[in-house]
Every structure is written in structure tokens, then in C-alpha cells.
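The primary structure of each chain is shown beneath.
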Amino acid sequence: MAKFNIAVIPGDGIGPEVTESTIEVLKAVSKRSGHEFSFSEVMAGGIAIDTCGEPLPESSLTVAKESDAVLLGAVGGPKWDDLPGKSRPEAALLGLRKELALYANLRLAILFPELKSASPLRPDIVENGVDILIVRELTGGIYFGKRGLAPSDECLPDGTPKGLEAFDVETYSEAEIERILRVGFTSAMQRRKHVTVVDKANILETSRLWRKVTERVAPDYPEVAYEFMYVDNASMQLLRRPSSMDVIVTSNMFGDILSDEAGMITGSIGMLPSASLGTPGTPGMYEPVHGSAPDIAGKGIANPLATILSAALMLRYSLGLPEEGAKIEQAVRDVLSAGYRTADIVLNGETNILGTKEVTEKVIEAYEKL
Ligand code: IPM
Ligand code: MG
């Protein structure tokens, strides 16, 4: 029986509620599987700013680095919105991604059959379901490139002084592109064997390098069909024919934007898990795609299912317990099939509305029956 150290970063808003639920689920996994989980809770985000004066204290980072996997709730909220970039709660996320070298972000957008009518798209567009894996590069590109802000001494053509001028640079190397492409193609092998590389190669030099590297790497995966798609077209095709998308591989910024769009297609951002992975053997980080939802924080009504599904990914990718991960996913589906809903995913006429704790209990009950 193995023993695993899990660093838990509840964060802000509904983060503490959804991580608490997920710990309960993981305790049930431990009880049943015999594997031991120890949880070390640390601070990051707004709460760390308020308590320690910085979004990502060194001590939190150390615990995360020494863990087998990190479970994160959410960070941020209106309280800290006026702080400058490096002092904001979001800086904790970027710091964790960079320091743990989590270059591959896997975001699933699955339209659960039980929640089909929650999709804002027409029923005929989603009748075959939606199951998209977005593989987003997470430690490069414009998020981590050179940036600056300085007064300009130039004018617009009409003579208006430019005033302040800012820049953010997008940089990608062949090696960074190759490793994320390999994550995408490898994932596609276990799915429907189709990769869409999303870029803006009609404009950006970085995108043209992405295409060149793709042409070199793709032959290593002869079973996988691939296509290139401009990001503007991809954002349209996601709405037109989402069922035809399998794996999307893309840059940090495009992945950020398209994953929100893909999430919305499923009608319930409260259901979507994510995994951020580095090289094998280093801790991965698992978090829901949704944010800290400060408007509903502390009310006991937050949907914990995205975090619970993120823990399922943790079992699969970081703890080597894929069967238990699959059972957790099945348990979530069983709870939905039985008609249980949290307030965010309730459909017209449904009355079985549960709070955070109650729906967690249902998931644990369903898991124990499997
Ligand atoms: C996300 C978020 C973050 C990002 C923010 C909070 C820094 O939008 O994880 O998608 O842009 O990566
Ligand atoms: Mg985002």
C-alpha cells in the first residue's frame, strides 16, 4: 500500500468549500483502497496576501514542491482587484505553474448526457455529445514573456501624443512547443485520435514555428490525424461543430480563452476539471476550471464536482490509481443520473437541489457502491 502526500491550497471564495469536499472524497478512496493520503494545507492567493503579505509564500511553495500532488481550489476576488500584477492573488497561480514547471494544462470539456439541455447551443448541434480535451501550454508564451510600461515620446498620425505605452511579448522555443505537442498527440492516442493545433499562423511568427514543429513531431504518431486551425476560426468551429473536436493543442493565451468557451458549451463550468503536469515524477497540480465565485462563497451551495473530478485526474496522473479515478468519475455520473443537482446546474423543473456537503455525500455513497 502506498502513502501519498497531497498539498492542499484551498485559496479564496468557494475554494475552501470545494477542496474540503474533495478531501472527504479522497478519504473515502483511502479507506476503500488501503492507500494512505496525508493532506498538508497551505495558503496561496488573496488569503495569503491578507495573512502573510504575499500571494505565494515560500513555505507554501516548498510544501507544494515536496508533495506528490497539489489540490487547488481557486484564488482571487474583488477585494484584491486593484493590486498591481505581481501582488495579485493570480500571481500565486502563475508562480506555482512556473516553479513546479507545470507546462501542460489539460482541460476537459465534457457535456454530460444528463446535463445536455444545460448547453446554450441548439440541441441538434450537441446531440452527439461533446468531449473535448484542451491541451494548453502553461509556462511559456505571452504570460511569461518580457513586458513593460513606459511613457512614449511618439505621436499618432493625427498628432495625438501616445502617452503611456505597454508591451507583452510572446516567445516560444522549439523545445517548449515539441513537449506540449507530444502531450497532445499522446493524449489523442487514448481518445479519438484527432488533434487540432490552434494558432494564428497567418500573423504570428511563433505560430509558424508551432506549425513547423508539428510537421516534424506528428509522423511519430501515425495513427493520429491532425489539422491546423486559426484561433478565430477555432472559436467559431467550437460553436458550429463541437462534437467533431477531440484534442486541441494550443498556446498559453489561446488555451486560456478557448477553454472558457469550450467550458461554456457544456453549460456548466462548475463541472470541469483540470490537471497541470510537468515532467513525470514531479508533482502535478489539480484544480477546477471555475474561479473563486466570491458571490456565493460561504453559503454552502458551491458545486464541488469539478474539484472532485480534478481529484479523479490526480488519482490517474499523479498517484498511479487510475481505477479509483475512473470510479470517482462514475460516481459523479451516477449522482447526476439519479437527478441530484447543485444550484448552478439545475435545469427547468428539477427539484433535487443539493448543497456542497450533501452532493459530496451522494458522490461518496455512489463511490462506495461501485
Ligand atoms: C485560468 C485563469 C488564469 C489564467 C488567471 C486567473 C491567471 O484564467 O486558469 O484559466 O489566465 O491562466
Ligand atoms: Mg482562464
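Located above this text is the structure these notes cover.
Quick look at the structure, then. (Residues numbered from 1 in each chain as written. Chains lettered and ligands numbered in written order. Predicted model: local features only at pLDDT ≥ 70, side-chain atom pairs only at ≥ 80, totals over all residues. Heavy atoms only, no water.)

## Quick notes on the packing of helix α10 (residues 305–317) against helix α11 (residues 322–337)
Okay, so step 1: Between α10 and α11, the least distance of the axes is 6 Å, while the angle of their chain directions is 160°. It follows that α10 is roughly antiparallel to α11 by the angle criterion. Where α10 crosses over α11, the handedness of that crossing is left-handed. From α10, Leu305, Ile308, Leu309, Ala312, Leu313, Leu315 and Arg316 reach across to α11, where they touch Pro322, Glu324, Gly325, Ala326, Ile328, Glu329, Val332 and Leu336.
Okay, so step 2: Taken together, the residues of the contact of α10 with α11 break down into 11 nonpolar, 1 polar and 3 charged. (Axes fitted to C-alpha atoms, helices over the stretch in contact; angles between N-to-C directions. Helix = DSSP H or I, 4+ residues; strand = E, 2+ residues; numbered from the N terminus. Parallel < 35°, antiparallel > 145°, perpendicular 65-115°, else oblique. Left-handed = near helix turned anticlockwise from the far one by under 90°. Contact = heavy atoms within 4.5 Å. Nonpolar A, V, L, I, M, F, W, Y, C, P; charged D, E, K, R; others polar.)

## Observations concerning the site of ligand 1
Okay, so step 1: Taken together, Glu90, Leu93, Arg97, Arg107, Arg136, Tyr143 and Asp256 make up the full set of residues adjacent to ligand 1.
Okay, so step 2: Here an oxygen atom of ligand 1 and a side-chain polar atom of Arg136 are 2.8 Å apart.
Okay, so step 3: For ligand 1, whose unbound accessible area comes to 320 Å², protein coverage reaches 73%.
Okay, so step 4: Per-element accounting of the shell around ligand 1 gives the leading share, 3 residues, to helix α4 (residues 90–99).
Okay, so step 5: Each residue belonging to the shell around ligand 1 can be placed in one class, and the counts come to 2 nonpolar, no polar and 5 charged. (Near = heavy atom within 4 Å. Polar contact = N/O pair within 3.5 Å; in protein donor to acceptor, adjacent residues only side chain to side chain. Areas by Shrake-Rupley, 256 points an atom, 1.4 Å probe, with all protein chains shown as cover.)

## Things to note about the pairing of strand β8 (residues 194–199)
Okay, so step 1: Of all the 6 residues making up β8, 5 are buried; the element is thus mostly covered by neighbouring parts of the structure.
Okay, so step 2: Pairing between β8 and strand β9 (residues 225–230): 6 bridges, direction parallel. Note on β9: the bridge partner recorded for Asp199 is Tyr230.
Okay, so step 3: Each parallel crossover has a hand, and the one from β8 via helix α7 (residues 205–217) to β9 is right-handed.
Okay, so step 4: One ladder, built from 4 bridges, connects β8 with strand β10 (residues 247–250); its direction is parallel. (Buried < 20%, exposed > 50% of the residue type's maximum accessible area, 1.4 Å probe, protein only. Pairing = 2+ DSSP bridges. Right-handed = clockwise from strand over helix to strand, strands pointing away.)

## A look at unusual backbone geometry
Okay, so step 1: If you check the backbone angles, Ala101 has positive phi at about 55° while not being a glycine.
Okay, so step 2: Take Ala101: it is sitting in the loop between α4 and β4 (104–110).

## Looking at the sheet that holds β10
Where strands meet in a sheet, backbone hydrogen bonds hold them as pairs that are either parallel or antiparallel.
Okay, so step 1: Reading across from one edge, β2-β1-β3-β12-β11-β4-β5-β10-β8-β9 is the order of the 10 strands in this open sheet, with mixed pairing throughout. At either end of the open sheet lies a strand with only one pairing partner, and these are β2 (36–41) and β9. Strand-to-strand, the axes of this sheet are offset by a mean angle of 20°, without reference to chain direction.
Okay, so step 2: Two elements, β4 and strand β5 (residues 131–137), share 7 bridges in a ladder whose sense is antiparallel. Residue pairing in the sheet places Ala104 in a bridge with Glu137 of β5.
Okay, so step 3: Running over the sheet, helix α1 (residues 15–33) touches β1 (3–11), β2 and β3 (69–74) and is turned about 165° from β1.
Okay, so step 4: Its contacts with the sheet put helix α8 (residues 231–240) on β5, β8, β9 and β10, and the angle it makes with β9 is roughly 110°.

## So, the packing of aromatic side chains
Okay, so step 1: On inspection of all chains with the given rule, the structure shows 6 aromatic pairs.
Okay, so step 2: Taking 6.0 Å as the distance between ring centres and 40° as the angle between the ring planes, the aromatic pair formed by Phe4 and Phe37 counts as tilted. Pair noted here: Phe4 is in strand β1 and Phe37 is in strand β2, with a separation of 33 residues, a long-range link.
Okay, so step 3: Taking the relative accessible area as the measure of exposure, Phe4 reaches 11% and is therefore buried.
Okay, so step 4: Using a relative accessible area of 10% as the deciding quantity, one classes Phe37 as buried.
Okay, so step 5: Site record: aromatic cluster; members linked through ring pairs are Phe185, Tyr221, Tyr226 and Phe228.
Okay, so step 6: Directly above the aromatic system of Tyr103 lies the positively charged group of Arg179, at a separation of 4.0 Å from the ring centroid. (Phe/Tyr/Trp six-rings, centres within 6.5 Å; stacked < 30°, edge-to-face > 60°. Lys NZ or Arg CZ within 6 Å of the ring centre and 35° of its normal.)

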